[in-house]
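Coordinate inspection notes
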Amino acid sequence: MPTAVSSIAVWSDDPRLRPCAEEIGSRLGLPLGDDAPVLLRVTPERLELVQTGEGAPGPVWIDLGAVDTRSAGGARRDQPLSRAVGLRQGVRRVVDATAGLLHDAFLLASMGCEVVCVERSGVLHEMQRDALERGASDPALAAACARMTLVRADAREWLGGLGAAARPEAVYLDPMHPARRKSALVKKEMRLLRLLVGEDADAQELLAAAIGAATRRVVVKRPGHAPALAEGVVGSHKGRAVRYDVYSGRGGDV
Ligand SMILES: C[S@@+](CC[C@H](N)C(=O)[O-])C[C@H]1O[C@@H](n2cnc3c(N)ncnc32)[C@H](O)[C@@H]1O
């Protein structure tokens with residue numbers, strides 16, 4: 001998919017971290033420099049994405065410690081996400097095929113799922129690696145992080161290439177949906193993510209690949225007011241602002 005932003009550079013304000021920035025840049029095919037509209041910035045604490053220019057919002061990084069794992073909207077086993085994924089029915093092996101900022105993947109891992117997190121944006125994949133490395137050394141996050149594995153790939157192809165033994169019980173999808181008109185209300189993280197990856201116009205193809213790969217079910221997160229991504233929804237679980245639509249996987253054993 002084309003990215004929405006045309007130019008990204010990798011940078012560190014700290015000269016001692018420039019070799020690290022250069023290495024990340026060469027993995028991603030991005031230049032080293034600080035004069036692009038968006039910078040992937042290496043700091044002593046983390047890898048962060050930041051827009052440059054006057055009035056630009058502050059940096060965004062993946063902060064697993066900030067994911068709400070306690071409230072009714074968090075990782076409690078009675079919340080809509082866990083019901084949609086089928087935790088009570090014993091589902092544990094999950095692929096998050098739209099891993100993004102890892103919030104949903106971390107929630108699923110906090111509920112006890114083994115989660116393979118697939119992301120096609122190289123920049124996000126690097127930020128995910130950084131977040132998991134930091135999480136692994138934080139006692140409050142380490143157990144859930146150990147249940148998460150990262151894959152950089154287009155999930156449409158990756159899911160199609162899985163052999164029978166590697167197929168997950170559930171595939172979770174949260175494709176980028178069209179921008180809302182009240183865009184000022186959309187969080188800084190989501191705005192920058194949209195700028196980076198654009199819209200996921202191929203989400204229906206991804207759903208077809210997910211249905212072909214999941215042995216039990218596919219869950220699609222949708223804005224509460226939005227229509228289903230495709231026909232064939234066998235169940236829906238409503239959260240406060242979102243809805244989780246469930247589709248049968250190839251095994252039909254939802
Ligand atoms: C709305 S974000 C997901 C946010 C995520 N659920 C979270 O909790 O942070 C959608 C992400 O899916 C990724 N994506 C969309 N289609 C994909 C595909 N076919 N393969 C891999 N990644 C994909 C996009 O690059 C983007 O990062």
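Residues numbered from 1 in each chain as written. Predicted model: local features only at pLDDT ≥ 70, side-chain atom pairs only at ≥ 80, totals over all residues. Heavy atoms only, no water.

Considering the nonpolar core
The nonpolar side chains of a soluble globular protein tend to be buried with one another. Rules: Residue types Ala, Val, Leu, Ile, Met, Phe, Trp, Tyr and Cys, when buried and joined through side-chain atoms within 4.5 Å, form a set referred to as a nonpolar core. Burial here depends on accessible area, computed with a 1.4 Å probe over protein chains only, as a share of the maximum for the residue type. Under 20% is buried, over 50% is exposed, and the range in between is partly exposed. All the domain ranges listed were derived from an automatic or database domain assignment. Two residues form a contact once any of their heavy atoms are found within 4.5 Å.
In this structure, L40, L64, L102 and L108 are the most contacted members of the largest nonpolar core, which totals 52 residues. The two domains that each donate at least three residues to this core are domain 1 (8-51) and domain 2 (64-248). If near-sequence neighbours (up to four positions away) are discounted, L64 is found in contact with L102, F106, A131, L132, L141 and C145. Residues A97, L173, A210 and A214 belong to the second largest nonpolar core, which totals 21 residues.

Remarks on the pairing of strand β10 (residues 242-248)
Quick reminder of the rule: A run of DSSP states H or I qualifies as a helix once it reaches four residues; a run of E qualifies as a strand once it reaches two. Both are numbered from the N-terminal end. We treat two strands as partners when DSSP finds at least two bridges between them.
Of all 7 residues in β10, 5 are buried, a share of seventy percent or more. Alignment of strand β8 (residues 217-223) against β10, held across 7 bridges, turns out to be antiparallel. Along β10, the bridge assignment pairs K221 with Y244. Relative to β10, strand β9 (residues 235-238) runs antiparallel, the two being bridged by 4 bridges. Residue K238 lies in a different strand from β10, and its bridge partner there is R243. Between β9 and β10, which follow one another and run antiparallel, lie 3 residues.

Details of the packing of helix α1 (residues 18-28) against helix α4 (residues 122-136)
What counts is decided by this rule: In this analysis, axes come from line fits to C-alpha atoms, helices being fitted only over the stretch in contact, and the angle between any two N-to-C directions falls in the range 0 to 180 degrees. When an angle is under 35 degrees it counts as roughly parallel; over 145 it counts as roughly antiparallel; between 65 and 115 it counts as roughly perpendicular; any other value is oblique. Crossing handedness: left-handed means the near helix sits turned counterclockwise from the far one by under a right angle, and right-handed means the same turn made clockwise. Throughout this entry, Asp, Glu, Lys and Arg are counted as charged residues, while Ala, Val, Leu, Ile, Met, Phe, Trp, Tyr, Cys and Pro are counted as nonpolar. The remaining residues, Gly among them, count as polar.
Interaxial distance between α1 and α4 falls to 10 Å at its minimum, and their mutual angle equals 140°. Accordingly, the angle class assigned to the pair α1 and α4 is oblique. At the point where α1 passes α4, the crossing takes the right-handed sense. Between α1, through I24, R27 and L28, and α4, the contact on the second element is made entirely by G122, V123, E126 and R129. Residues that form the contact of α1 with α4 fall into these classes: 3 nonpolar, 1 polar and 3 charged.

A few points about the packing of aromatic side chains
Filter applied, for reference: Put simply, two rings from Phe, Tyr or Trp (the six-membered ring, in Trp's case) pair if the centres are within 6.5 Å, and we call them stacked under 30 degrees between planes, edge-to-face over 60, tilted for the rest. A positively charged side chain is recorded as over a ring if its NZ (Lys) or CZ (Arg) lies within 6 Å of the ring centre. The angle to the ring normal must also be within 35 degrees.
Within the structure shown, the criterion is met by 1 aromatic pair. Note on Y172 and Y244: the rings are 6.5 Å apart at their centroids and 40° apart in plane angle, and the pair reads as tilted. Here Y244 lies in strand β10 and Y172 lies in strand β7 (residues 170-173), a separation of 72 residues in the sequence. Taking NZ or CZ as reference, R46 lies 3.4 Å from the ring centre of W61, over its face.

Looking at the sheet that holds strand β1 (residues 8-11)
The mixed open sheet is built from 3 strands, whose spatial order is β1-β2-β3. On the outer flanks of this sheet lie β1 and β3 (47-51), each paired with one strand and no other. Neighbour-to-neighbour, the strand axes of this sheet turn through a mean angle of 25°, independent of strand direction. For strand β2 (residues 38-42) and β3, the ladder comprises 5 bridges, and the chain directions are antiparallel. Bridge pairing links V38 to Q51 in β3. Strand contacts of α4: β1, β2 and β3, with the helix running at about 140° to β3, the strand carrying the most contacts.

Observations concerning the site of the ligand
Put simply, the test is: Only heavy atoms are used to decide nearness, and a residue is near a molecule or strand if one of them lies within 4 Å of it. N or O atoms closer than or at 3.5 Å make up a polar contact, with two conditions inside protein: a donor-capable atom paired with an acceptor-capable one, and, for residues adjacent in sequence, both atoms drawn from side chains. Accessible surface area values rest on a Shrake-Rupley calculation with a 1.4 Å probe, where residue burial reflects the displayed protein chains alone.
Surrounding the ligand, one finds 21 residues, the nearest of these being L101, D104, E119, A155 and D174. Taking R120, its side chain carries an N or O atom lying 3.1 Å from a nitrogen atom of the ligand. Considered on its own, the ligand offers 600 Å² of accessible surface; in the complex 97% of this is hidden by protein. Within the residue set of the shell around the ligand, elements represented by two or more residues are α3 (103-110) and α7 (188-197). In the shell around the ligand, the residues fall into 12 nonpolar, 3 polar and 6 charged.

A word on the domain arrangement of the chain
Quick note on the threshold: Any Lys or Arg side-chain nitrogen found within 4 Å of a carboxyl oxygen on Asp or Glu counts as a salt bridge.
Its domain assignment divides the chain into domain 1 (8-51) and domain 2 (64-248). Measuring from the centre of the C-alpha atoms in domain 1 to the corresponding centre in domain 2 gives 27 Å. Contacts between domain 1 and domain 2 engage 13 residues on the former and 11 residues on the latter. At the surface where domain 1 touches domain 2, the tally comes to 1 salt bridge. The salt bridge partner of R27 is E126, with a shortest N-O separation of 2.9 Å. Counting across the domain 1 and domain 2 interface gives 2 residue pairs in polar contact (both at pLDDT 80 or more). Of all the secondary-structure elements, those providing two or more residues to the side of domain 1 that touches domain 2 are α1, β2 and β3.

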